[in-house]
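Coordinate analysis (summary)
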Amino acid sequence: MNVTSAANAPERPAQPLDQPRLDLAVIAEMVAPGARVLDVGCGDGALLKLLAQKKGVDGRGVELSQRGVNECVAKGLSVIQGDADTDLSDYPDDGFDYVILSQTLQATRRPRAALANMLRIGRRAIISFPNFGYWRVRAQLAFSGRMPVTGRLDYHWHDTPNIHLCTIRDFVEIVDELGAHIERGVAFDRAGAPIRFSAPWWVWNFFGEQAVFLLERGDRRR
Amino acid sequence: MSEARPACSEGFTPKTVVFQPDRPLLTDGGGRIAPLAVAYETYGALNAARSNAILLCHALTGDQYAAGVNPVTGKTGWWEAMVGPGKPFDTNRYFLICSNVVGGCMGTTGPASINPTTGKPYGVDFPVVTIRDMVRAQAMLIDHLGVETLFCVAGGSMGGMQVLQWAASYPERVFSAMPIATAAKHSAQNIAFHEVGRQAVMADPDWRSGRYQEQGVRPEKGLAVARMSAHITYLSEAALQRKFGRKLQDRSAPTFSFDADFQVENYLRYQGLAFVERFDANSYLFVTRACDYFDLAADYGGSLAMAFKDTKTRFCVVSFTSDWLYPTSDSRAIVHALNAGGASVSFVEIESDKGHDAFLLHEPMFIATTRGFLDSAADARGLAPDGTSK
């Protein structure tokens, strides 16, 4: 497992954190200006709007909820109602520069297929997800003996949309399996501060409450 | 080109352009329509850059009067909810064009027009036209109006088919497109309903093999029945139930006869009668046939994505949850093809229990969607709120 390529992660996001969700600002910082971006699970379009304003990107979105889609289109964003699990296969190869999946990976039925599709549709993929290896999560399960409920995982076991939770370590492993490279990676603690980039991976996995990874398609596609 | 009297209407003079025989409309079916009159209406003003024109495409039995008062029916235009100052199709900002389709009966050449080779009405000798033929005639009209690129082409149902055909036939002339409550091909069920309507018309003894005009009669009963059956397909069970249920009309008990005991029967009879006042039976045959023949993918080797390959047009596809005539799955097929072609596409399924007709009614989410889409497209096009070009 190799996360050293994540060492060039910024200490602080370059953009001011004027967004309620930390990962969105970090993602926006990772996207090159003017890029073609597909945001999968785009919600109310906050990220697409941010990307359009700050980076001048040509953005498209896919969103499962009708309410989210309607809000996006009323904002003038190009968004379609669709499901990350079933509809990504409709998109042609290399249709976008970046495919983004923010806080949605854990809610997909087939995360590996979703990731593979993302790296097929775009040369680069950006994924943010809650880290199930975070120490508070571990502690809740270990000491209370109950399924963890935290700020990033604020659902009870019986009503959660999150069906495929993973740790940073798990994620890095599946990226390796897919033959992709981690171009950059950032993990944040509960306060939203990035973990020191010099820290070893287990520190990330233990102290990171959520993570954002920028992947690049590798030559070893499977 | 010259101004001419409308072909089959009485007592009103629409704006009409007539293309003389040196500019015939050659149809997909191998026909030739010349001269060709195209009746149209416009709303708002074309800006100096000629960049703010929107073409509105009417549905099966619609006409060029999208807004304002229809001079024939005396009622408001079919898209009154959407077209006007401050409305999504803002007449302060855009120059709206709406023409009566070829084969229609509101001033555009159709089966009721005089066939120049016989001196008599075409009747069923009129060339069978397609959606693409309708779009060709519209293209001739916008050329005549001096509009090179349309800011948007929008329409629902059969109008939506025209929107798709426009985007496929003239991608460089369509900046944005709104196909609403429509499909890229007419389904077997849709064709079946249309066939019921046509058979009703042709079964009327007054149809006279389509030569009723010359014989001074009209197949009103057949056309009214056609309209009644079609009208049911435009509504939803929920809307019918809410509006009528099993309520009786002007009586407290059933009469045990075939009178219109139920309110819904009375409603349909009224719809049928009102329709024959304003529509020509042969036109009904031709426009329904045009829809039936529509299969956009078939023109592109069976691949709908190829119809939109490398398109720069911005699309907004809209469907309605209770529309069973053109269900959401039809719209999804369009969206998938646009995605595969790399198009900029939005897709919204509006929750409504009003059925297919929802696009003609006051649906707040539909209005918000249209406004959002047009506003952002106008920004991209550099159109100021007053319609001037920035």
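Residues numbered from 1 in each chain as written. Chains lettered and ligands numbered in written order. Predicted model: local features only at pLDDT ≥ 70, side-chain atom pairs only at ≥ 80, totals over all residues. Heavy atoms only, no water.

As annotated in an unreviewed UniProt entry, chain A carries the name Methionine biosynthesis protein MetW and comes from Methylocystis hirsuta.

Across chain B, pLDDT averages 94, with 97% of residues at or above 70. Below a pLDDT of 50 lies the segment residues 1-9 of chain B, which in the model reaches 23 contacts outside its immediate sequence neighbourhood of four places, other chains included. (pLDDT = per-residue confidence, 0-100. Contact = heavy atoms within 4.5 Å.)

Okay, the packing of aromatic side chains next. Evaluated as defined, the whole model comprises 21 aromatic pairs over all chains. Between F244(B) and Y267(B), the ring centres sit 4.7 Å apart and the planes meet at 45°, which makes this aromatic pair tilted. Highlighted residues: F244(B) in the loop between α5 (237-243) and α6 (263-278) and Y267(B) in helix α6, separated in sequence by 23 residues. On the accessibility criterion, Y267(B) (14% relative accessible area) is buried. Look at F279(B) and Y284(B): their rings are 6.4 Å apart centre to centre, the planes differ by 85°, and that puts the pair in the edge-to-face class. The class of Y284(B) is buried, set by a relative accessible area of 2%. Grouped by ring-pair contacts, the aromatic residues F129(A), F171(A), W204(A) and F213(A) constitute a single cluster. Between the NZ or CZ atom of R227(B) and the centre of the ring of F275(B), over which it lies, the distance is 4.5 Å. Its guanidinium or amino end placed over the ring of F175(B), R381(B) lies 5.2 Å from that ring's centre, counting from NZ or CZ. (Phe/Tyr/Trp six-rings, centres within 6.5 Å; stacked < 30°, edge-to-face > 60°. Helix = DSSP H or I, 4+ residues; strand = E, 2+ residues; numbered from the N terminus. Buried < 20%, exposed > 50% of the residue type's maximum accessible area, 1.4 Å probe, protein only. Lys NZ or Arg CZ within 6 Å of the ring centre and 35° of its normal.)

So, about the pattern of salt bridges. Residue and element names in this part refer to chain B. Scanning all chains against the criterion turns up 29 salt bridges over all chains. Put simply, R251 and D261 hold a salt bridge, and the shortest N to O gap is 2.4 Å. Separated by ten residues along the polypeptide, R251 in the loop between α5 and α6 and D261 in the loop between α5 and α6 bring together distant segments of the chain. Overall, D261 belongs to the buried group, its relative accessible area being 6%. Salt bridges sharing common partners tie together D28, R132, D133, R136 and D299. (Salt bridge = Lys/Arg side-chain N within 4 Å of Asp/Glu carboxyl O.)

Take a nonpolar patch on the surface next. Residues L141(A), M147(A) and W157(A) make up a contiguous nonpolar surface patch of about 360 Å² in total accessible area. Residue placement: W157(A) occurs in the loop between α6 (135-144) and α7 (168-177). (Patch = residues over 30% accessible without salt bridge, like charges linked within 9 Å, V, L, I, M, F, W, Y side chains within 5 Å. Areas by Shrake-Rupley, 256 points an atom, 1.4 Å probe, with all protein chains shown as cover.)

Residues and elements named next belong to chain B. Cis geometry is found at the peptide bond from A34 to P35, where omega equals -5°. Following the sequence through the fold, P35 ends up in the loop between β3 (32-33) and β4 (36-43). Even without being glycine, D250 reaches a positive phi, approximately 50°. Structurally, D250 is set in the loop between α5 and α6. The residue F256 is not glycine, and still its phi comes out positive at about 55°. With respect to the helices and strands, the residue F256 is situated in the loop between α5 and α6. Judged by relative accessible area, F256 falls into the exposed class, the value being 78%.

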